[in-house]
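A look at the structure
The primary structure of each chain is shown beneath.
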Amino acid sequence: MNSRKVDLARQRLPSSGRLAELVLESSADLAVLTICLDGVITSWNSAAERVMGWSGEEAVGRHACMIFTPEDEATDACSTEMATARRCGWAVDERWHLRKDGTRFWGSGSMTRLEDHRSGEQIGYVKIVQDRTEQHLAGERLRTSEALLRGVFANSADSLKLLTPDGCLTSMNGPGLRMLEIDGAEHVRGKEWGELWPEEERGKVSAALAEALAGQVGRFHGFRPTVTGAPRWWDVQVTAVPGSDGRPELLLASSRDVTERERSREALRLSEERFRALVAASTATVWTTDANGLVREDSPSWRAFTGQALEQWLGTGWADAVHPDDRVRAAEEWAAAVAAGTMFNTEYRLCSSSGEWRLVTARGVPVRNGDGSIREWVGTNTDITAQRRGEEARRVIEEHCQLAVRATNDAIWDWDLRCDRVEWNEALQETYGHRSERVCPSGAWWLEQVHPEDRERVSRSIHAVIDGGGDRWSDEYRFRRADGGYADVLDRGFMVRGPGGEPLRMIGAMLDITARRQSERELRRLNEHLEVEVSRRTEQLRLQEEALRQSQKLEAVGQLTGGVAHDFNNLLTVIRSSAGLLRRSNLPEERRRRYVEAIAETAERAAKLTGQLLAFARRQPLRPEVFVVGDRVRSVVELVRPLVGAPVTIETSIECEGRAVEADPNQFETALVNLAVNARDAMESGGHLRLRTWLACGVPPTRGHAGTRGSFVAVSVSDTGVGIEPELLGRIFEPFFTTKEAGKGTGLGLSQVYGFAKQSGGELHVESEVGRGSTFTLYLPQAEGKPVVAPMQPAEGADAPADGRRNVLLVEDNTQVGEFARQMLEDLGYVPSWAPNAKAALELLEGDASRFDVVFSDVVMPGMNGIELGKEIRRRWPNLPVVLTSGYSHVLANDGAQGFELLNKPYSAEELSRVLRSSR
């Protein structure tokens, strides 16, 4: 250690000084210097000499501020650092320092208090400095580079994204988020980049990522809309960002929005297509030449019109098709236009492919480059032969019109609106007596001749046409003759307008209809008399038709009553007989069980008969649900196979797999079974039964009703039976009408199908031919919802009520039914409270609703019905379950059960127990 001795410092060094010197000298890159309390350097190791350039002799004895930069010295940094070390024991030193040659280095180190090991008194400071200039500059460059990259990433006009090697997004710059209308990067961070593209573009994305991972640049052009659906097209480039090992650590994807460019290209393409379509649709011949007026390109329309071959019309060969008398003039005018660069506009006769000379108007315009020079000429030849012939024809017609105006009895007028001048023909004098010399040629004179009661109305109507943009006017009014009397006239006018729609003239004719109006008034009087007579006769016919309808109603009611009475008498016979036998005391248990089962089966048949009647009348409360038609048809086929027997073959055709309807599935299956059984009965010796489903776009007209448009699922049941007589087709849906022998049918099968179709919003259509079979087609509206999966039902049984569900509020207005239901509930283990109507039920609930676990109410009751009661309970006590029961209700038939559990009458004890246990 080269140092100059300072007496005071040397006297107070630690005793282990030699050891410290050896340590300091062995520190090759740590500059170590000691400083006395006054800031003077007292020692200086060799590393300090290497780092800062001063030798020990040069440094020792000088103030330590020599190694601080002028900027730090201006803030007294050396004294501040010493003060911090004195107060805290040490001070961190991380700043630029000076070398002997004036250069600077970044020194990292510290300044520590130096104390006497015996007394603990501070005797100076130890400053350690390490040259970290290279690391500091590298860090600065890194920070600058990172700041630059952050600036580029944040402010780039392109959408920039950083991806993991497997394609997951780690970040996206702000412009990219805004272009895609994404609220924040957290909405896309961690997602696979390819999943954010449409399905058809993901193959391009995968290929670009693979190319980038392989060390290449992945590029593609793709379509990806914003999150709000706005269309966007992108040019995409994917490159790899290598890690420390040279392998791809990240992927940088840059997407440039080229939507406007694509739109421009699309607009250009559409413009070119429109131009080609315009050329194709135009009746004119389109042609082009070079800047010198010579034909260089083909024009199919020219060759089609003239019949010239391509080589014939190139150059100036087109002139050969011009009429010899017009050829020189046309060629000279064309040459002059080309020389002057002005529009070419002339007419000449051109020979058509048929050999006929056609008059054409030829127009050509120069197409110029950006510098004003002519690039080419574009022109058209328009056949105006018919136009000239039309003009000639119009001239002849105008002459004929002038002659007709003179010859007609109508008063023809021509009103020049710009100068308010009206010209009349001779009929004004001949028909109305106004001499021309006494007529003021203005609109005001004409209006003065209009009857005062009609004047304002006529003025408003004609000016409404003139000022409102109309093209014709018509009105009837009274016009004063020269003798002071008035004629009834029909006046019509037609507008003549300028190119901008401004009114120029109105031309019209005034027809005298006085005699016609007198005849019409007389005819009106006769018609009024005739209307009175017709009204009287119509009322008589209405009364007769009403009487006939009443008679027909009575006949239908009689037929319905007779059929119902016949079937119910049969059922009641079984019930009464069985009940009578059950009263015998000595009846064996086996027979008693047989009679009980007979009563139960007969009751089921009675309930089915009632349901068929209600279905026909469209009063049956249905339980609609969404189900797949094809699945139900297949299950019905399996059901009817044993019913139709072996002689009948069954064919099924499902042409609308997966299509669903919303209807009562049980009624649907019953309808198909009824149709299948009828078909079987129509094929006594066997035959072919076909069930087919398909999608129909509407219901065809049937039985006097207009067809219905819409989406329907159609199910047809066809047979090869005897068919139906045409005169019977109108009656087959009547209840109890049947062509079967007595005892072989109730006549309610087709009535049930008809009622079910109508109540489900559909229709039943029938086609039949005697000897060739019948086809019944059931149309039901297609449903958009998903099919309902029926839950598994436990086996029926009169189980005991669930725990905590024993108290039932029974609401029934029929005393007999209410008493029976109460007893049944008690037998099932429930505790019923009986209310005879909805009002009484609400009073019980208001007293203490919490004591009831469920409400079991009839629907049809005087006053408030069951559905209204259920709604009120649902509103006031939403947690109290409500179960409804009804045998028939027009409220249920029209509006359904409104979400309440429904138990149809007649019901069994098992059904009642099940519905009460499942209610919630």
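Cut-off values and rules
- Residues numbered from 1 in each chain as written.
- Predicted model: local features only at pLDDT ≥ 70, side-chain atom pairs only at ≥ 80, totals over all residues.
- Heavy atoms only, no water.
- Helix = DSSP H or I, 4+ residues; strand = E, 2+ residues; numbered from the N terminus.
- Buried < 20%, exposed > 50% of the residue type's maximum accessible area, 1.4 Å probe, protein only.
- Contact = heavy atoms within 4.5 Å.
- Areas by Shrake-Rupley, 256 points an atom, 1.4 Å probe, with all protein chains shown as cover.
- Pairing = 2+ DSSP bridges.
- Axes fitted to C-alpha atoms, helices over the stretch in contact; angles between N-to-C directions.
- Polar contact = N/O pair within 3.5 Å; in protein donor to acceptor, adjacent residues only side chain to side chain.
- Expected span 1.5 Å × (residues − 1).
- Salt bridge = Lys/Arg side-chain N within 4 Å of Asp/Glu carboxyl O.
- pLDDT = per-residue confidence, 0-100.
- Parallel < 35°, antiparallel > 145°, perpendicular 65-115°, else oblique.
- Left-handed = near helix turned anticlockwise from the far one by under 90°.
- Arc of directions from axis to C-beta.
- Core = buried A, V, L, I, M, F, W, Y, C linked by side-chain atoms within 4.5 Å.
- Phe/Tyr/Trp six-rings, centres within 6.5 Å; stacked < 30°, edge-to-face > 60°.
- Lys NZ or Arg CZ within 6 Å of the ring centre and 35° of its normal.
- Lys, Arg positive; Asp, Glu negative; His and termini not counted.

A separate point is the overall build of the chain. Counting its secondary structure elements, the chain contains 27 helices and 31 strands. The proportion of buried residues among the 920 residues of the chain is 38%. The long-range share in the chain, meaning contacts at least 24 apart out of those at least 6 apart in sequence, stands at 55%. Accessible surface, the chain as shown: approximately 51,800 Å² in total, 52% of it carbon and sulfur.

Strand order in the open sheet formed by five strands is β21-β23-β24-β26-β25, with mixed pairing between adjacent strands. The strands lining the two open edges of the sheet, one partner per strand, are β21 (648-654) and β25 (763-769). With direction set aside, neighbouring strand axes in the sheet form an average angle of 20°. Pairing between β21 and strand β23 (residues 687-699): seven bridges, direction parallel. If you follow Ile650 over to β23, its bridge partner there is Leu689.

One non-glycine residue with positive phi stands out, namely Asp76, at about 55°. The topology assignment puts Asp76 in the loop between α5 (70-74) and α6 (77-88). What makes Asp76 partly exposed here is its relative accessible area of 38%. In the Ramachandran plot, Glu181 falls in the positive-phi region, its phi being about 60° despite a non-glycine side chain. With respect to the helices, strands and loops of the structure, Glu181 is situated in the loop between α8 (174-179) and α9 (202-213). When its relative accessible area of 35% is taken as the criterion, Glu181 is described as partly exposed.

Summarising the element assignment, Glu262 is placed in helix α10 (residues 259-281). Those residues in contact with Glu262 that lie beyond four places of it in its chain are His221 and Trp233.

A few words on the environment of Ala207. By the element assignment, Ala207 lies in helix α9. Look at Ala207 and you get partly exposed, because its relative accessible area is 36%. On a C-alpha basis, the gap between Ala207 and Phe220 in space is 8.8 Å, while along the polypeptide they are 13 residues apart.

Across six bridges, strand β8 (residues 218-223) lies against strand β9 (residues 233-242) in antiparallel orientation. Within β9, the residue paired with His221 across the bridge is Asp235. Sheet analysis places β9 next to strand β10 (residues 248-257), joined by nine bridges and oriented antiparallel. When the sheet's bridge partners are listed, Val238 is paired in β10 with Ala253.

Assignment of secondary structure puts Gln312 in helix α12 (residues 310-313). The residues contacting Gln312, other than those within four sequence positions of it, are Gly307, Gly317 and Trp318. Within the structure, the side chain of Gln312 is placed 2.6 Å from the backbone nitrogen of Ala309, a separation counted as a polar contact.

With 17 residues, helix α17 (residues 452-468) extends 24 Å between its outermost C-alpha atoms, agreeing within 8% with the 24 Å of an ideal straight helix rising 1.5 Å per residue. Along α17, the residues that are buried comprise Asp454, Val458, Ile462, Val465 and Ile466. Buried-residue contacts for α17 involve β15 (411-416), α16 (443-448), β17 (472-480), β18 (486-497) and β19 (503-512). Downstream of α17 by a residue or two, Gly469 has a phi angle that is positive, lying close to 90°.

The next point concerns the sheet that holds strand β28 (residues 831-835). Judged by pairing direction, the sheet is parallel, and its five strands sit side by side in the order β28-β27-β29-β30-β31 without closing on themselves. At either end of the open sheet lies a strand with only one pairing partner, and these are β28 and β31 (901-904). Averaged over all pairs of adjacent strands, the angle between strand axes in this sheet comes to 25°, irrespective of strand direction. Sheet strands in contact with helix α23 (residues 815-827) are β27 (807-811) and β28, and its direction is about 165° off that of β28.

The subject of this paragraph is the pattern of salt bridges. The tally for this structure, following the rule as stated, stands at 54 salt bridges. Here Arg525 ties to Glu522 by a salt bridge, and the two come within 2.6 Å at their closest N and O atoms. Of this pair, Arg525 and Glu522 both sit in helix α18 (residues 514-582), three residues apart, which is roughly one turn of the helix. Each member of the salt-bridge network shares a partner with another, and the members are Asp72, Glu81, Asp93, Arg95 and Lys127.

Looking at the chain as a whole, the pLDDT averages 80, with 79% of positions reaching at least 70. The low-confidence segment residues 1-16, where pLDDT is below 50, has 24 contacts with residues more than four positions distant or belonging to other chains. Counting contacts from residues 791-798, a segment whose pLDDT is below 50, to residues more than four positions away or on other chains yields eight contacts.

Turning next to the packing of helix α24 (residues 838-848) against helix α25 (residues 866-876). Between α24 and α25, whose axes approach to 11 Å, the crossing angle comes to 15°. It follows that α24 is roughly parallel to α25 by the angle criterion. The handedness of the crossing between α24 and α25 comes out as right-handed. Residue-level inspection shows Ala838, Ala841, Leu842, Leu845 and Glu846 of α24 in contact with α25, the latter providing Leu869, Glu872, Ile873 and Arg876.

Over its 12 residues, α6 extends 16 Å from the first C-alpha to the last, a length consistent with the 16 Å expected when each residue adds 1.5 Å. Turning to α6, its buried residues number three or more, namely Ala77, Cys78, Glu81, Met82 and Ala85. Buried positions in α6, seen along its axis, are confined to an arc of 135° and lie on one side of it. Buried residues belonging to α6 abut α5, β3 (90-98), β4 (104-115) and β5 (122-131).

Mapped onto the fold, Ala31 is located in strand β1 (residues 30-35). Beyond its immediate sequence surroundings of up to four residues, Ala31 is in contact with Asn45, Ala47, Ala48, Val51, Met52, Lys127, Ile128 and Val129.

Val633, Phe668 and Leu689 are the most contacted members of the largest nonpolar core, which totals 38 residues. With seven residues, the single largest contributor to this core is helix α21 (residues 665-682). What Phe668 contacts, discounting residues up to four positions off in sequence, is Phe627, Val629, Arg632, Val633, Val715, Phe756, Leu778 and Leu780. Counting 24 residues, the second largest nonpolar core, distinct from the first, contains Leu33, Ile41, Ile67 and Phe68.

Moving on, we get to the packing of aromatic side chains. Overall, the coordinates contain 16 aromatic pairs when judged by the stated rule. Arranged with centres 5.4 Å apart and planes meeting at 80°, the rings of Trp96 and Trp106 form a pair that is edge-to-face. Here the residue Trp96 occupies a position in strand β3, and Trp106 occupies one in strand β4, the gap between them amounting to 10 residues. A residue is classified by how much of its surface remains accessible, and Trp106, at 13% relative accessible area, is buried. Among the aromatic residues, those joined into a ring-pair cluster are Trp287, Trp334, Phe344 and Trp377. Stacked on the ring of Trp694, the Lys or Arg Arg692 has its end atom at 4.0 Å from the ring centre. Taking NZ or CZ as reference, Arg874 lies 4.0 Å from the ring centre of Phe900, over its face.

With that settled, the discussion passes to the side chain of Lys161. With respect to the element layout, Lys161 can be found in strand β6 (residues 159-163). One buried charged residue, Lys161, forms no salt bridge at all, with the nearest opposite charge on Asp158 at 9.1 Å. A polar side-chain atom of Lys161 sits 2.9 Å from the main-chain carbonyl oxygen of Ser159. Of the polar contacts made by the side chain of Lys161, one reaches the side chain of Ser255; its length is 3.0 Å.

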